[in-house]
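# Observations on the model geometry
Below, each chain spelled out in residue letters.
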Amino acid sequence: MKILLIGANGFIGSAVLQRLVQCGHDVVCCGRQCANLPRGGRVTFQRADLNEMLAEGDWMPLSNGIDAVVNCAGILRESRSGEFDRVHFQAPLALARACVACGVDRFVQISALGHPDDGAFIASKHRFDEALLELGLTACVLRPSVVHSLHGSYGGTSMLRAAAALPGMLVVPDEDVAKIQPILLEDLAALAERALTLPRGSRVQLSAVGPEVMRVAQYLRSIRAWLELPEPVVTWRISSRLISVVATLSDRFRAAPIGRTTWRMLRRGNVAPPGEAEAAADTLEYRPKSVSGALDNQASFVQDRWHARLYLLRPVAWLALVAIWLVSAASGFTAAPEAYQPVLGRMGIPHGFQAGLVIGTSTLNLVLGLALALRMFLRPVLWLMLLSVLGYTLAIGVLAPAFWLEPTGGLVKNLAILVLIAVTLVVENPR
């Protein structure tokens with residue numbers, strides 16, 4: 001078939017794409033950017049921003065000549081007000097209506113397991129699920145629990161890997177109700193491909209889950225063993241109230257993927273109703289494997305351990321850079337002339353320009369520090385930080401080379417800051 005795949009370069013979408021190509025389908029990939037896509041002849045790319053394609057007519061050119069649609073698009077957080085509704089409901093509904101108009105009969109929707117009260121992420125997904133099943137298309141809605149892959153991670157699964165890899169400890173919720181029913185990403189992709197073969201006229205909603213229900217602590221221990229890390233010295237059970245505070249801060253500063261919605265889903269228990277896992281396996285004639293069994297039977301690699309250990313250092317590095325720039329700005333604004341005149345004088349800066357130069361550089365530090373704190377224009381800000389540190393390090397180092405040998409390590413410390421910025425530029429790229 002010729003399949004239109006929405007969200008093809010995402011964590012789930014990329015695995016679905018691989019499965020579809022392996023099964024001999026031609027795939028038209030839709031996304032905001034052509035990234036993380038294979039270069040094979042069966043794959044083509046069409047740019048599509050779901051925030052903008054909200055009318056049936058927007059999708060008509062892409063729907064013509066298509067045999068089926070698989071929608072893997074999804075966001076865990078809004079970057080603009082109303083984005084959940086546009087990306088999860090309005091845009092896919094416009095696409096589904098275009099499918100009806102163009103005679104595209106098959107539509108597979110990757111949704112999410114949970115309750116609408118857990119948050120707008122789930123509620124918006126489920127609104128479209130219900131609308132899709134009423135349109136008359138041959139439609140299958142798949143609602144996965146936690147999606148785990150042995151070949152990589154993203155978002156919440158990266159966070160859980162990082163939690164499993166904490167040095168010497170395991171941190172788990174104090175509530176015993178936090179249960180999940182994880183499914184391997186590769187099995188979810190197989191279910192999506194199998195859903196394309198359902199009899200014409202089928203309209204089903206299925207729980208896409210693995211065969212075992214696991215408590216979060218059990219899941220983390222399985223990942224830790226797979227990463228070949230020592231048994232934790234201590235298991236620290238943290239209160240639900242503290243987790244709620246951390247989740248709220250995470251949402252506010254976009255510092256981690258596990259926010260209030262994810263925490264509500266875990267507290268409620270992200271598992272399928274009794275019998276639904278078996279019903280999905282029977283309907284699609286495919287039985288997902290046990291995640292814990294897969295972890296036991298496949299080795300991890302050094303990059304898995306690097307990613308798990310570095311993941312929680314990412315917000316620490318971000319916070320350290322914010323602190324350095326804001327404190328530098330404050331110290332510049334409050335500095336007395338006798339504090340900066342010796343340095344600038346030895347560099348040959350005329351006395352009349354020194355105060356203005358200090359105010360100017362302090363203003364730049366303040367703007368960059370605030371922009372980084374608010375996570376605005378993240379990569380350009382980090383590049384400007386890198387260039388500014390490199391610039392004044394070279395300027396001072398060349399014009400006043402004695403500062404390289406200061407007992408407190410003045411200029412030499414800038415080398416560590418340059419490395420910290422460079423590492424942050426790498427790890428802040430989520431894809």
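Keep in mind the model is a prediction, meaning the values are calculated, not measured. (Residues numbered from 1 in each chain as written. Predicted model: local features only at pLDDT ≥ 70, side-chain atom pairs only at ≥ 80, totals over all residues. Heavy atoms only, no water.)

## Notes on the pattern of salt bridges
Applying the stated criterion across every chain, the model contains twelve salt bridges. Of the charged contacts, one joins Arg305 and Glu228 as a salt bridge, the two residues approaching to 3.9 Å between their closest N and O atoms. One end of the pair, Arg305, is in helix 12 (residues 302-311); the other, Glu228, is in the loop between helix 7 (216-226) and strand 13 (234-238), with 77 residues separating them in the sequence. Residue classification places Arg305 among the buried residues on the basis of a relative accessible area of 18%. On the basis of relative accessible area, Glu228 is assigned to the exposed category, the value being 53%. (Salt bridge = Lys/Arg side-chain N within 4 Å of Asp/Glu carboxyl O. Helix = DSSP H or I, 4+ residues; strand = E, 2+ residues; numbered from the N terminus. Buried < 20%, exposed > 50% of the residue type's maximum accessible area, 1.4 Å probe, protein only.)

## Looking at the pairing of strand 8 (residues 169-173)
Among the five residues that make up strand 8, four are buried, leaving the element largely enclosed by the rest of the structure. Looking at chain direction, strand 8 and strand 13 are connected through five bridges and run parallel. What sits directly across from Met169, in strand 13, is Val234. (Pairing = 2+ DSSP bridges.)

## A closer look at the packing of aromatic side chains
Going through the model one piece at a time under the given rule, you end up with two aromatic pairs. Over the ring of Phe89 we find Arg127; its NZ or CZ atom is 5.4 Å from the centre of that ring. Taking the ring centre of Trp318 as reference, the NZ or CZ of Arg375 above it sits at 5.5 Å. (Phe/Tyr/Trp six-rings, centres within 6.5 Å; stacked < 30°, edge-to-face > 60°. Lys NZ or Arg CZ within 6 Å of the ring centre and 35° of its normal.)

## Side note on unusual backbone geometry
The backbone of Glu228 shows a phi angle near 60 degrees, a positive value even though the residue is not glycine. Phi is positive for Arg375, close to 55 degrees, though the residue is something other than glycine. As for its position among the elements, Arg375 is in the loop between helix 15 (351-373) and helix 16 (378-399). The exposure class assigned to Arg375 is buried, which follows from its relative accessible area of 19%.

## Notes on a nonpolar patch on the surface
The grouping of Trp236, Leu242, Val245, Val246, Leu249 and Phe253 at the surface amounts to a nonpolar patch, some 540 Å² of accessible area in total. It is helix 8 (residues 240-253) that provides the largest number of residues to the nonpolar patch, a total of five residues. With respect to the element layout, Val246 can be found in helix 8. For Val246, a relative accessible area of 47% corresponds to the partly exposed category. (Patch = residues over 30% accessible without salt bridge, like charges linked within 9 Å, V, L, I, M, F, W, Y side chains within 5 Å. Areas by Shrake-Rupley, 256 points an atom, 1.4 Å probe, with all protein chains shown as cover.)

## Remarks on the nonpolar core
Counting residues in each nonpolar core, the largest one holds 36 residues, and the members touching the most others are Leu5, Ile12, Val16, Val70, Leu142 and Leu188. Element by element, the count of residues in this core is highest for helix 6 (residues 185-195), at seven residues. Beyond its immediate sequence surroundings of up to four residues, Val70 is in contact with Ile3, Leu4, Leu5, Ile6, Val16, Val108 and Leu196. Of all hydrophobic cores here, the second largest spans 35 residues; its members include Leu62, Ala73, Phe107 and Ala139. (Core = buried A, V, L, I, M, F, W, Y, C linked by side-chain atoms within 4.5 Å. Contact = heavy atoms within 4.5 Å.)

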